[in-house]
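Residues per chain are reported as follows:
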Amino acid sequence: MARRQQRAAGGGGWLPWLGFALLPLAVPPAVAPGGCPSACYCVATPELVQCRYERLEEPPRELPVTVHNLSIVGSNLSVLRPAAFAARPLPDLRLLRLRHNNIQTIEDMALQGLPALRTLDLSHNPLLSVAAGAFAGAPLLRTLQLNQALLAAPLEEQLAPALRNLSLRRLELAGNGLRALPAALLPAGLEELDLRNNSLQRLAAAELRSLEAPGLRGLRLTLGANPLSCDCALRPFLAWLRGAAARVPDARGLRCAAPPPLRGATLLRLRPEGLACAAAEGGEPGRLETASYVFFGIVLALIGIVFLMVLYLNRRGIKRWLHNLREACRDQMEGYHYRYEQDADPRCASAIGTPGL
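Residues numbered from 1 in each chain as written. Predicted model: local features only at pLDDT ≥ 70, side-chain atom pairs only at ≥ 80, totals over all residues. Heavy atoms only, no water.

### Details of the state of the cysteines
Note the threshold: The term disulfide is used for any two cysteine sulfur atoms that are within 2.5 Å. Helix numbers and strand numbers start at the N terminus; a helix is a DSSP run of H or I with at least 4 residues, a strand a run of E with at least 2.
Counted under the stated rule, the structure contains 3 disulfides. Paired by a disulfide, Cys232 and Cys277 hold their sulfur atoms 2.1 Å apart. Given an S-S torsion of about 120 degrees, the disulfide between Cys232 and Cys277 has right-handed geometry. A residue pair is termed long-range when its members are at least 10 positions apart, and Cys232 in the loop between strand E13 (228–229) and helix H5 (235–243) and Cys277 in the loop between strand E14 (256–258) and helix H6 (284–313) qualify at 45 residues.

The following block contains the structure:
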């Protein structure tokens, strides 16, 4: 019995030390100067700040200086003014997510005070105006996400100068209803371009030439979920795709959306000579349709001229034929008239009614 008590006493000696070991885990980490914003919450440490569906009218001002990742979702940041996120500089902020915030306007130097920012996500915002110097305060910006952000207004002319001085490596433009390659938005050195879920029917020859510019020869495209029209106008793109499949990671998954006979067909399995021209489209099909209509019109005109010539050369015979036809019709009508008078005569009718007389 005494031995058991000694063992229990000896075994319980390590419990105090375990309590001291676990004490740091029970105490919350020290908050950086400025603390966690009242409208947000910090995950694990102040280096990751998330503000979700707090209906903020402007970015929080009391951000921790050591924040690395900042995510604001579901607020109403309609205008990003100069130095919008830097009441004081945030030298360590690398990722800024601003999805679903009803952002409509981005003014000059809106990212001032964010010298280390590398990724900016502006997806799902109805952008209407972007100043030429909107991203000038983030010289290290490498990834820009604008998915479903260009639906409210055409912004290519505004975005082009805003992106010109950036050294972007990845640009995301998925879900923006684009009908053509936005060549003006492709800065030299761009490595990845996301064009999924747009309205691209093909890439024209001029657009393909722009992809061969010296600064874009290493550019990789993703083109999935676009309504590709597999007609003869697709032949240049199909030829380019066969020779540059490595530049389109989802090339094997590209499928035709039209015409109906080829709907769902895998693009890379098609033969260029098997792509027929659609009569309703412009370009080569439109020229063929126009030429056929012109030829048909010329044939009809020649037939009309020949018919008029025949009428002119046989005018006397035609006049005689018309005269004879008129006389024949007159004789026929006179016969009908005589029969009608005979039938209407009451004497004839009574003679027919009384055969015994």
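### Regarding the sheet that holds strand E3 (residues 69–73)
Applied cut-off: Note: two strands are recorded as paired if DSSP finds a minimum of 2 bridges between them.
If you trace the 9 strands from one edge of the open sheet to the other, you get E1-E2-E3-E5-E7-E9-E10-E11-E12, paired in mixed fashion. If you trace the sheet from one side to the other, it starts and ends with strand E1 (41–42) and strand E12 (220–222), each paired once.

### Some words on empty space enclosed by the protein
Gaps left between atoms are located by rolling a probe of water-molecule size over the structure's atoms. The cut-off we apply is this: Cavities and pockets are found on a 1 Å grid laid over the protein atoms alone: a cavity is a set of points where a 1.4 Å probe fits but cannot escape, a pocket is an open set with protein on both sides within 12 Å along at least five of seven lines, and a lining residue has an atom within 4 Å of such a point. Grid points are joined across faces, edges and corners, and a volume is the space filled by probe spheres set on the points. Nonpolar residues are Ala, Val, Leu, Ile, Met, Phe, Trp, Tyr, Cys and Pro. Charged residues are Asp, Glu, Lys and Arg, and all others, Gly as well, are polar.
For the structure shown, the criterion picks out 1 cavity of 30 Å³ or more. In this structure, the largest cavity encloses a volume near 40 Å³. Taken together, Leu200, Arg202, Leu203, Leu223, Asn226, Leu228 and Phe237 make up the lining of the largest cavity. Looking at the lining of the largest cavity residue by residue, the class counts come to 5 nonpolar, 1 polar and 1 charged.

### Thoughts on the sheet that holds strand E6 (residues 105–106)
If you walk across this open sheet you meet the 3 strands as E4-E6-E8, and the pairing is parallel. The open sheet has two free edges, formed respectively by strand E4 (79–80) and strand E8 (129–130), since each of these has just one partner strand. Where E4 meets E6, 2 bridges bridge the pair, whose relative direction is parallel. Of the residues in E6, the one forming a bridge with Val79 is Thr105.

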